[in-house]
Amino acid sequence: MVDKLKPFIPHGIAFIIMLGLVWIYAFPSLQGKEVEKHDIVQSTGMGKMVRDYYEQTGDQALWNPAMFSGMPAFQTGTKYPSNFISRVEVPVFKLDFLLTYDTGIMLALLVGFYILMIALGVSPWLGVVGAIAFGFSTFWLVSLDAGHMGKLRAIGYMAPVIAGVLTAFRGRLLTGAAVTMLFLGLQINANHFQITYYLMLIVMAIGLAYAIKFIRENKVAQLLKTLGILFLAAFIAVGPNVSRLWSTYTYGQETIRGGTSELSAKQAQTSGGLDKEYAMAWSNGIWETMTLLVPDFQGGASATALGESSNLAKALKKRGVTGRNLRQTLENVPTYWGKQSFTGGPYYFGAIVIFLFIFGMFFIKDMTRWWIFGITLLAIMLSWGRHFPALTYTFFDYMPMYNKFRTPSMLLTIAALMMPLLGFLAVDKIVKGAFKKDDALKALKYALYITGGILVLVILGSFIMNVSSPNDDALAARGWPMDVILDDRRQLMRMSAIKSLVFVGLAWFLLHRFINGQWSKALLIGGLGVLICADLWMEGFKYLSHDDFKPKRQLEANYAPNQADQVILRDNDPHFRVFNLTASPFNDAITSYKHKSIGGYHAAKLIRYQDVIEQHLSQNNIKVLNMLNTKYIIAPNRQTNAPEAQVNNGALGNAWFVSQVTKMDNADREIAALNNINTATEAVYDNRYSAYMSGFTSGNNPSSSIRLTQYDPRHMVYEANVSGGEHFAVFSEIYYEGSGEDWKAYLDGQPVEHIRVNYILRGMRVPDGTHTIAFKFEPSSYLKGERISLWFSILFTLILIGVVVYNVRMKA
């Protein structure tokens, strides 16, 4: 038994080392503290009502009433119980006695890259060093601090998927396909499709490289067999995720991510994807690429802490600024001068990683270096976004689905994975002695000359380089002594380059001594591990330190109701909305944690609602707020500036009858009409609904009434008493089609049609008499998708069990 377990002992030790490093880096997590993350604070607010509904009823809400007056909940807290893959993920992120969610994410990044190293035959000890080089990049630490947890989860599974694909192409088809299927399923389940898209680009590069190789070697049959089984593995990996993917896809067709606005002025901009200006907002500057090697090349974060030895500190002291005032000023200095609007920190991969990557380019002679170099270079150039329009807009306009994603700088995810991969494959060859001494020393010399030469040029250039930014005039107007700050920017660049040069020199020295047979493997691997850890941690602690971990009670204070909230929460009305003007209404989900909000925070708002935000809600059009049943407006008190709940007596309620319904020729006129009509008595509809409205003559009997009698996010019931002929009812609920008519309407239990009115609301003809009207949210993408997901989950599980049993028997 002991002999059978012996091969697993090194991996167990490797896991313990990685876990220990995560614990040390995030030591406060062992005390139950967590990082206060902006996006997590917001996402908690997004899905609060959806989660509460599940806890109270055991059912999925599917519709989220808390944001943007109501929207599908597929991306804000909906569970997909038929997807068994979610349960596979539990051991990684839910080991409460070992990990918090923060440290679970960090460990997943390290373990994922370690799996790739082992799959490629790298020793466990060097695999751990490679995992450190990948997992502690400031790229991930800055993202963790911001709360981009879904992105980081998806990134953690990229390396194991690549491990599976490479294993299959290297001849172990069954094992490679199973590994690919498992981790691709987990990666898709992480629910960050932009990262999945980037993974697809890497896999395409691998496939192209092996296709060329196999065709040259006249192994077309092997190529087709490998591609076939990998496509099958990918198909099965997608299967358990069908419910989420289908629901997200159908929902996406009506959002700013994937839909097309009906407004003529915006159709050319959206065309089934994001607006270009919006999509390219976070484009990496071309010179900003230097931060991969020199972290402070462009000043670090938008707000950087400087020490009392800085030029700014000396200047402030001369002005008499000392003590607490001095320290507070030095905590948030605008040192960043790059092209992005702001940044939480540089995309620093590590000086040693860049050095090893260049070494690998000269040392590794097979096709591996070319597909890695090719996809890395493409990713870097695409990360420049609007600063390299010839390439970027070609991809944006013609590459399928590319226009669904924003933040081009995120493409550096590919480079962050590929660079350490090539570098440590090169070191592995050195460690295994698979080299000619002269070749290795020549490659090492070239890597030193190139990396060191760039760093020396940066050091010398820092004395004369123009480090100003377009924002400097505005900063000067606010009192910042920009001439002094420019000197600090140059000093930051210079000292950062010197630090990188030192680490490159030490890494070169380690490898040089080993290649010449003067040092042992243990000293080389251990030395690289210590140097890389020191380099990345020294930089990483600037952006995610122990001080960033807060007690849970402090984090929960974000959601504590203020006096205005308490007033509103005492209202027993089951369904009304709140407009909070004390926050940025359309970038705030804290309000959604406590109330059904007119605003919210989400990257995939319904595109029609976004149109109304831009043309009406951002202008505080009270008629539109009234039709959205805005019962309360939270505004700052004029004397105290404290939030105050103001009752909006003009709110129209949950539903009402209008006396006039007017046809509009197109969407432009329909949305513009909301500036002019009295939404309490009038409604407008698009020309497409002419058949539905044919022959309608609106009744106008003041004694007729309609009221909400039952509210549930998925099921709303109204009682209508109509006299004096057919009436037209407007419902203060967002119109949404989804995969057909996901919101189904019923009159006295019988299905009936309803139409869109006032650009975003629902409307219906109601005949004379007493009636019960119901709306039920029954999205087929979710309901049918769950059944499909269940069958695929069973198949997925059986295949995994079968592969494990097969491999155990083969080794027995």
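Residues numbered from 1 in each chain as written. Predicted model: local features only at pLDDT ≥ 70, side-chain atom pairs only at ≥ 80, totals over all residues. Heavy atoms only, no water.

Some remarks on the pairing of strand β10 (residues 682-686)
Within a regular strand, side chains alternate between the sheet's two faces.
Here comes step 1: Extensive coverage of β10 is indicated by the burial of four of its five residues.
Here comes step 2: Note that strand β9 (residues 660-664) and β10 share five bridges and pair parallel. Of the residues in β10, the one forming a bridge with Q660 is E682. (Buried < 20%, exposed > 50% of the residue type's maximum accessible area, 1.4 Å probe, protein only. Helix = DSSP H or I, 4+ residues; strand = E, 2+ residues; numbered from the N terminus. Pairing = 2+ DSSP bridges.)

As for unusual backbone geometry
Here comes step 1: With a phi close to 60 degrees, N218 is a non-glycine residue in the positive phi region.
Here comes step 2: The exposure class of N218 is exposed, given its relative accessible area of 67%.
Here comes step 3: Of note in this structure, T407 is not a glycine but carries a positive phi near 65 degrees.

A few points about empty space enclosed by the protein
It is a probe the size of a water molecule, rolled over the atoms, that shows where empty space is left.
Here comes step 1: This structure, assessed with the given rule, holds three cavities of 30 Å³ or more.
Here comes step 2: Each pocket or cavity is described by its volume, and for the largest cavity that value is around 70 Å³.
Here comes step 3: Lining of the largest cavity is provided by Q194, Y198, M280, L382, G385, T392, Y402, F405, R406, T407, P408 and L411.
Here comes step 4: Here the lining of the largest cavity is built from residues that sort into seven nonpolar, four polar and one charged. (1 Å grid on protein atoms, 1.4 Å probe; cavity = no way out; pocket = protein on both sides within 12 Å on 5 of 7 lines; lining within 4 Å. Points joined across faces, edges and corners; volume = space filled by probe spheres on them. Nonpolar A, V, L, I, M, F, W, Y, C, P; charged D, E, K, R; others polar.)

Some thoughts on the packing of aromatic side chains
Here comes step 1: A full pass over the atoms with the stated rule returns 43 aromatic pairs.
Here comes step 2: Ring plane angle 90 degrees and centroid distance 6.2 Å describe the contact between Y718 and F775, whose orientation is recorded as edge-to-face. Highlighted residues: Y718 in strand β12 (residues 715-722) and F775 in strand β18 (residues 769-777), separated in sequence by 57 residues. Summarising the burial analysis for this pair, Y718 and F775 share the class buried.
Here comes step 3: Taken together, the ring pairs connect W63, F74, Y251, Y736, W743 and F777 into an aromatic cluster.
Here comes step 4: Across from the ring centre of Y759, 5.1 Å away, lies the NZ or CZ of R756, which sits over that ring.
Here comes step 5: Of note, K776 hangs over the ring of Y746, and the distance from its end group to the ring centre comes to 5.2 Å. (Phe/Tyr/Trp six-rings, centres within 6.5 Å; stacked < 30°, edge-to-face > 60°. Lys NZ or Arg CZ within 6 Å of the ring centre and 35° of its normal.)

Quick notes on the nonpolar core
Here comes step 1: In this structure, F136, I202, F349, W371, M418 and L421 are the most contacted members of the largest nonpolar core, which totals 155 residues.
Here comes step 2: With 15 residues, helix α21 (residues 412-431) is the largest single contributor of residues to this core.
Here comes step 3: Setting aside anything within four residues of it in sequence, one finds M418 in contact with I162, I202, W371, I372, I375 and T376.
Here comes step 4: In terms of nonpolar packing, the next biggest core, distinct from the first, is built from 72 residues, F74, V624, L628 and L747 among them. (Core = buried A, V, L, I, M, F, W, Y, C linked by side-chain atoms within 4.5 Å. Contact = heavy atoms within 4.5 Å.)

Quick notes on the sheet that holds strand β7 (residues 643-647)
Here comes step 1: Read across the sheet, three strands follow the order β5-β6-β7 without closing on themselves; strand pairing throughout is mixed. Each end of this open sheet is capped by a strand with a single partner; those strands are β5 (577-580) and β7. Neighbour to neighbour, the strand axes of the sheet diverge by 25 degrees on average, direction disregarded.
Here comes step 2: Sheet topology note: the strand β6 (residues 630-636)/β7 ladder contains five bridges and is antiparallel. Bridging across to β7, Y632 finds its partner in V647. (Axes fitted to C-alpha atoms, helices over the stretch in contact; angles between N-to-C directions.)

Regarding a nonpolar patch on the surface
Here comes step 1: The grouping of F362, Y446, Y449, I450 and I454 at the surface amounts to a nonpolar patch, some 440 Å² of accessible area in total.
Here comes step 2: Structurally, Y446 can be placed in helix α22 (residues 437-461).
Here comes step 3: Take Y446: its relative accessible area is 33%, and that puts it in the partly exposed class. (Patch = residues over 30% accessible without salt bridge, like charges linked within 9 Å, V, L, I, M, F, W, Y side chains within 5 Å. Areas by Shrake-Rupley, 256 points an atom, 1.4 Å probe, with all protein chains shown as cover. Salt bridge = Lys/Arg side-chain N within 4 Å of Asp/Glu carboxyl O.)

Things to note about the environment of E733
Here comes step 1: Note that E733 resides in strand β13 (residues 727-734).
Here comes step 2: Taking C-alpha positions, E733 is 46 Å from L110, a pair spaced 623 residues apart along the chain.
Here comes step 3: Once residues within four sequence positions are removed from consideration, E733 is found in contact with H575, R577, M716, Y718, I760, L761 and R762.
Here comes step 4: For E733, the side chain forms a polar contact with the side chain of H575, separated by 2.6 Å. (Polar contact = N/O pair within 3.5 Å; in protein donor to acceptor, adjacent residues only side chain to side chain.)

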